[in-house]
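Structure at a glance
So you can see what is in the structure, the chains are spelled out below.
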Amino acid sequence: MDHPLTVVRLEVDAFKRMRAARLHPSPTGLVPVRGRNAQGKSSLIESMMAALLGKDGAQELPIMEGAHGAHVVLDLGALVVRRTWTRDSGGKATTKLVVEDVRGVAQASPQKVLEELLGHFADPVAFQAMKPADQVKVVLAILGLDAELARLEVRVTEQFERRRDLGREADRTKKHTGELAAAVEGVPVPQVSASAEELGRQLEDAKTRNGTIDAARAKLAEATSRGQAAVERVKRLTAELASAQVEVAEQRQAWERASEFLRATQPIDTTPIHASLRDLEEAQRMAVKRELLDQARASSEAAQAAYDVADAELEETRDEIQRLLSSAKFPVDGMAYDHERKTLLVGGIPFGQASHAERLKISVALAMAGSPRIRVLFIREGSMLDTDSLTLVAQLADASGFQLWCEIVDSKREGAGIWIEDGEAFEGEGS
């Protein structure tokens with residue numbers, strides 16, 4: 001059972017629009033399925049896909065209206081695939097699959113047997129209609145890179161976000177360090193000759209002495225004023241002369257004592273003390289700023305170092321992805337995967353921008369990739385292909401030993417192929 005498998009006999013009954021089909025198609029190359037619209041061409045194609053793919057290839061209820069059940073038999077030479085559908089009591093379709101070898105022995109886990117023999121997809125034209133992200137998933141699965149590449153790309157995303165956050169922190173600490181440096185570097189630090197306690201004591205002593213002096217000055221001014229008033233009273237009040245003279249004498253003595261004190265005592269200039277206190281406060285502020293600057297520099301260096309490590313890890317993962325992709329053997333020469341843009345490339349340009357013929361050729365090659373044992377392909381929109389494209393895919397299929405079933409809208413009922421009319425299939429001349 002090691003040789004390739006294609007459909008050598010097909011039986012279909014009551015599957016959607018297909019009433020009945022008993023066919024013996026050519027085992028390789030193009031198998032046209034012709035007919036007018038709404039005759040059952042799509043149903044014939046879908047019956048084979050449903051038989052091979054199960055619920056992934058069939059609608060919920062593929063049984064023809066009015067029929068009790070549907071069945072499809074695919075004779076693949078070394079294997080015979082039988083799938084039937086019936087309605088349960090609730091009207092829903094249930095399906096049964098049997099896969100037999102040439103001796104008629106049923107295989108255990110029949111769907112798993114088919115999955116191991118099938119390729120990754122069976123309709124090259126449908127592949128071109130997929131979204132680019134889905135095309136990427138299919139190709140990476142063909143290459144066997146989907147799981148490993150997904151793991152690496154998740155790591156790249158996480159590392160990129162971590163590097164971004166660390167970069168922001170490095171920029172923030174760098175800016176903060178620059179601001180602190182601008183406030184500290186080049187600014188002279190005052191020289192301080194005494195401690196804050198000593199300067200405070202000196203200032204307190206000075207305030208006490210200067211307060212005493214201020215009080216003496218006040219007394220001097222008061223004595224002067226009152227002496228002058230007493231003299232005036234002497235002039236004006238002769239009757240009070242004696243009392244005034246006593247007052248004068250007393251005030252003179254007070255004046256003389258105050259004068260003597262002022263002559264003997266000099267006030268202390270507090271300007272240098274205040275200047276020294278300001279210098280001390282400035283020196284303390286500068287010391288704090290320099291300490292903060294040292295801390296900021298250390299934080300900035302640590303943040304930059306963390307960013308550099310994250311950047312190196314990110315680049316290492318990207319290199320690992322590049323090595324993984326470089327070692328991959330793509331089914332088509334010139335095909336590649338750009339993991340940064342998450343897109344397939346052909347000759348350096350995105351797959352979707354390649355010519356129609358190039359995309360069709362690549363899609364067929366991808367469908368054939370991996371040399372699946374069941375070499376059957378389907379094109380459900382064959383009428384969308386021009387003559388050159390149809391010839392191209394037919395040649396590719398024939399050269400690779402694949403059987404290509406292609407649905408074509410045709411009302412002439414002439415020529416080779418499978419003809420469908422009102423749900424009945426028959427083989428044309430040359431089939």
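Details of the structure are given in the entry above.
Rules used throughout
Residues numbered from 1 in each chain as written. Predicted model: local features only at pLDDT ≥ 70, side-chain atom pairs only at ≥ 80, totals over all residues. Heavy atoms only, no water. Salt bridge = Lys/Arg side-chain N within 4 Å of Asp/Glu carboxyl O. Helix = DSSP H or I, 4+ residues; strand = E, 2+ residues; numbered from the N terminus. Buried < 20%, exposed > 50% of the residue type's maximum accessible area, 1.4 Å probe, protein only. 1 Å grid on protein atoms, 1.4 Å probe; cavity = no way out; pocket = protein on both sides within 12 Å on 5 of 7 lines; lining within 4 Å. Points joined across faces, edges and corners; volume = space filled by probe spheres on them. Nonpolar A, V, L, I, M, F, W, Y, C, P; charged D, E, K, R; others polar. Pairing = 2+ DSSP bridges. Contact = heavy atoms within 4.5 Å. Axes fitted to C-alpha atoms, helices over the stretch in contact; angles between N-to-C directions.

With that settled, consider the pattern of salt bridges. Summed over the entire model, instances satisfying the criterion amount to 24 salt bridges. Note that R162 is salt-bridged to E313, the shortest N-O span being 3.6 Å. On the criterion of sequence distance, the pair formed by R162 in helix α5 (residues 146-184) and E313 in helix α8 (residues 271-326) is long-range, its members being 151 residues apart. Its relative accessible area of 42% is what places R162 among the partly exposed residues. Here the residues in one salt-bridge network are R9, E11 and D75, joined through shared partners.

Quantified by volume, the largest pocket comes out at close to 390 Å³. Along its surface, the largest pocket is lined by 22 residues, and M49, L53, H120, F121 and A122 are the ones closest to its centre. Of all the secondary structure elements, the ones that give two or more residues to the lining of the largest pocket are α1 (41-53), α3 (124-129) and β10 (376-379). Taken together, the residues of the lining of the largest pocket break down into 16 nonpolar, 2 polar and 4 charged. Lining the second largest pocket, in full, are A133, V136, K137, L140, D146, L149, A150, E153, Y337 and K342. Its residues assigned to classes, the lining of the second largest pocket shows 6 nonpolar, no polar and 4 charged.

If you trace the 3 strands from one edge of the open sheet to the other, you get β7-β8-β9, paired in antiparallel fashion. Each edge of the open sheet carries a strand with a single partner, namely β7 (335-338) and β9 (349-350). Where β7 meets strand β8 (residues 343-346), 4 bridges bridge the pair, whose relative direction is antiparallel. Across the sheet, the residue bridging to M335 is V346, located in β8. Packed onto the sheet, helix α4 (residues 132-143) meets β7 and β8 and runs at close to 70° relative to β8.

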